[in-house]
Amino acid sequence: MMRSAVSIKTPMKFYKLLENTTTIVHCHDSIEVEKTTARLLQEKAPEAGISYDPAAKPAIGVIIISVLDKGKSASIDSRLNDDSEWMYVRASEKTGIEIYASHTWLLYRLATQVIDDWGHRDVSEFTDGIVTKPTFKHLRPAYDSLLNNHARTAKDFDPEDHIREMARLGYTHVEVNGFGTAFPYERAQPGELLYLFYTYCPALDQFVYSKLNKGIYPYDYLQANLNKLVRSAELAKKYGLRAGILSFEPRSVPDELLERYPMLRGARVDHPLRSFRPRYNLCTSHPVVLDHYREMMEKIMEAAPNIDYMTIWSNDSGAGFEYTASLYVGRNGGGYEIREWKNDDEIVEAAANNIIRFMKNIRTAGRKTNPDFRCILRNETFYAEQNHLRANLEPGLEVETSTLATKGFDLGYQHPKYDWAKDFMFTGLHNQFADKERPFLDAIEEKGSNAHIYLSHGNFWNMEPIKAVPYPKLLWEKLRDLRQQRVSHISAITGTTSESFAPYNINQEVTRSFQNEPDLPLDAVLPVSYTHLRAHETSLHL
């Protein structure tokens, strides 16, 4: 007798369940990234319609997308009953697909992970729900070259493509303050180079005016710059990301303003080898000047309320704090912070207190709109004042640096190849972050503050004019060390490179993989990343 054939059902793959979707539902009409994510998923489920339903229930052929608050998340899965950041996917043939995230900046990247990484996994793996958490809580650019700074006029650059890619890579914030014009308004002496150093990291007074400096800059110039800032902040919101700004401050001001108020002149901040006349900023220890900065910051926050932070770079590029040791022309400033003779220690402490006061002023202005607003200070240039600055950190006052274990530009790490090499700070060659850093991190975090540690994807600066130089192993080693030292806040020097400029950017794929699955060894990451890049290239050609 012949036995009847036994039918074995082939397990359904996730991509097939996605293709069979008939309805994509987002649960919050006011959360824009839910709509953006729905449109992304619709590209893989072309027969599906998109609808809004705050009370959506799982069903066959339905995808539910939502950013959930703590109260609702616990009812979805008991593993989500905490205050951490998480992403969650649950799926079955009978109940469709559920895609949830604890915060807006996690939702779009989770959807890209579903599409790009999980499509060939069995749906049965997701029946009980999969919870993932980001490796780094806070990942942002530090000096976004393409969006805001010296590469912002690159041919065919698309800001939305750039920000969409940041969301896919696992970034949480977009740096939004860039000039809307090709050149800054800084007036140069004939043959002078200094004005070129004002084309990046624009100061607050390049976007808005206060009662103090009204009329100094043309209104249409300010409005053009503010319009670009707002557009970038809105694009960040579209992809669920938050916004931030990075400025060289306190920057020099036009001579006309100091002619109005000569008693408010602060420090000389130009570089003598690049300027043919001195440049001065305003005296930030004077209450009128603090009011000036507070008013400008409040106006910018009103225009873009999703800004979470302001990072201050200083003592370079026409900016500087009074009486700090690293000013190019030496310690100097106005008459309000240091009036008469003081010894070195007293000057250092006074200069540090002035910086902290300025940061608190910016924080106060930002928190008028956003209660979580923070002010971050780049650390390296304040080697003399460093101890006083760190001693006065508190919630909302933070630092950004390559290393916490040294002072100034002494990196304190060995070059990965050459023993004699010393000057590789801010580059991918700084591939370590050692145990010696942890006590300094602990001291800062005990104050309720944070240290933002630099990472380099190999974009711009020391790599120019080559785009996206590949060094995946060096980058993975740095990411591994940062995780081992429990670093939570990462600043990517010069930002990211858009796919249209570097379609095979393996460094950024390594960062994306590490943000999503940090336990994967590099040998496993590289083949997957390469396959993804090739597949995406094929889809672009099609």
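Colleague: Looking at this structure, how should I read the overall build of the protein chain?
Modeller: What the protein chain contains, in helices and strands, is 15 helices and 16 strands. Here the C-alpha radius of gyration of the protein chain, 25 Å, is about what a compact globule of 542 residues would show, namely 24 Å. When burial is assessed residue by residue, the protein chain has 57% of its 542 residues classed as buried. Contacts in the protein chain between residues at least 24 apart in sequence constitute 75% of all its contacts with a sequence separation of at least 6. Total accessible area on the protein chain stands at roughly 23,400 Å², and carbon and sulfur atoms take up 53% of it. Averaged over its 64 positive side-chain charges, the protein chain has a centre that lies 1 Å from the centre of its 72 negative ones.

Colleague: Even after reading the chapter, I still don't get the pairing of strand β4 (residues 87–92), so can you show me in this structure?
Modeller: Regular strands place side chains that alternate from one sheet face to the opposite one. Extensive coverage of β4 is indicated by the burial of six of its six residues. Taking every second residue as pointing to the same face, both faces of β4 are buried, with M87, V89 and A91 on one and Y88, R90 and S92 on the other. Remark: three residues form the turn of the hairpin made by β4 and strand β5 (residues 96–101), two consecutive strands paired antiparallel. Pairing of β4 with strand β6 (residues 130–132) involves three bridges; the strand directions are antiparallel. For M87, the partnering residue across the bridge sits in β6 and is T132.

Colleague: Looking at this structure, how should I read the packing of helix α13 (residues 472–484) against helix α14 (residues 506–516)?
Modeller: For any two helices packed against each other, the geometry is given by the interaxial angle and the distance between the axes. Put simply, α13 and α14 touch, their axes get as near as 9 Å, and they point 25° apart. Compared by their axis directions, α13 and α14 come out roughly parallel. Pair α13 / α14 crosses with right-handed handedness. Only I506, N507, V510, T511 and F514 of α14 make contact with α13, whose side of the interface consists of P472, L475, W476, L479, R480 and R483. Partitioning the contact of α13 with α14 into residue classes produces seven nonpolar, two polar and two charged.

Colleague: Would you take a moment to explain unusual backbone geometry for this structure?
Modeller: With the exception of glycine, the majority of residues adopt a negative phi angle, and the majority of peptide bonds are in the trans configuration. Along the chain, E249 connects to P250 via a cis peptide bond; the corresponding omega equals -15°. One can find P250 in the loop between β9 (242–248) and α8 (255–260). Phi is positive for C201, close to 45°, though the residue is something other than glycine. Topologically, C201 is positioned in the loop between β8 (173–175) and α7 (219–238). Of the residues examined, C201 reaches a relative accessible area of 1% and is grouped as buried. The backbone of R486 shows a phi angle near 60°, a positive value even though the residue is not glycine. Along the chain, R486 turns up in the loop between α13 and β16 (489–493). A relative accessible area of 54% means that R486 is categorised as exposed.

Colleague: Help me understand helix α9 (residues 287–303) in this model?
Modeller: The α-helix winds at 3.6 residues per turn, so residues separated by three or four positions along the chain end up facing the same way. Here α9 spans 24 Å end to end across 17 residues, near enough to the 24 Å set by a 1.5 Å rise per residue. By the burial criterion, the buried members of α9 are V289, L290, H292, Y293, E295, M296, M297, I300 and M301.

Colleague: Can you help me understand the sheet that holds β16 in this one?
Modeller: Strand pairing in a sheet relies on backbone hydrogen bonds. The paired strands run either parallel or antiparallel. Read from one edge of the open sheet, eight strands run β7-β16-β15-β14-β13-β12-β9-β8, paired in parallel fashion. Lying at the two open borders of the sheet, with one neighbouring strand each, are β7 (138–142) and β8. For this sheet, the mean angle separating the axes of adjacent strands, direction not counted, is 30°. Strand direction decides the pairing type here: strand β15 (residues 451–456) and β16, joined by five bridges, are parallel. From the neighbouring strand, Y454 faces β16, where its bridge partner is S491.

Colleague: Help me understand α13 in this model?
Modeller: Taking 1.5 Å per residue, 13 residues should reach 18 Å; α13 reaches 18 Å between its end C-alpha atoms and fits that length. Of the positions making up α13, those classed as buried are P472, L474, L475, W476, E477, K478, L479, D481 and L482. Just downstream of α13 lies R486, where phi reads positive at about 60°.

Colleague: Is there a simple way to think about the pattern of salt bridges in this case?
Modeller: When their charged atoms lie close together, side chains carrying opposite charge are able to pair. Taken as a whole and judged by the stated rule, the model has 35 salt bridges. Two residues, K13 and D122, come together in a salt bridge whose shortest N-O distance is 2.7 Å. Here the residue K13 occupies a position in the segment before α1 (14–19), and D122 occupies one in the loop between α4 (104–116) and β6, the gap between them amounting to 109 residues. Residue classification places K13 among the partly exposed positions, given a relative accessible area of 31%. The residue E398 makes a salt bridge to R374 at a minimum N-O spacing of 3.3 Å. Of this pair, E398 sits in strand β14 (residues 397–401) while R374 sits in strand β13 (residues 374–378); the two residues are 24 residues apart in sequence, bridging distant segments of the chain. Here the residues in one salt-bridge network are E160, D161, R164 and K238, joined through shared partners.

Cut-off values and rules
- Residues numbered from 1 in each chain as written.
- Predicted model: local features only at pLDDT ≥ 70, side-chain atom pairs only at ≥ 80, totals over all residues.
- Heavy atoms only, no water.
- Helix = DSSP H or I, 4+ residues; strand = E, 2+ residues; numbered from the N terminus.
- Rg over C-alpha atoms; globule rule 2.2 N^0.38 Å.
- Buried < 20%, exposed > 50% of the residue type's maximum accessible area, 1.4 Å probe, protein only.
- Contact = heavy atoms within 4.5 Å.
- Areas by Shrake-Rupley, 256 points an atom, 1.4 Å probe, with all protein chains shown as cover.
- Lys, Arg positive; Asp, Glu negative; His and termini not counted.
- Charge placed at Lys NZ, Arg CZ, Asp CG, Glu CD.
- Pairing = 2+ DSSP bridges.
- Axes fitted to C-alpha atoms, helices over the stretch in contact; angles between N-to-C directions.
- Parallel < 35°, antiparallel > 145°, perpendicular 65-115°, else oblique.
- Left-handed = near helix turned anticlockwise from the far one by under 90°.
- Nonpolar A, V, L, I, M, F, W, Y, C, P; charged D, E, K, R; others polar.
- Expected span 1.5 Å × (residues − 1).
- Salt bridge = Lys/Arg side-chain N within 4 Å of Asp/Glu carboxyl O.

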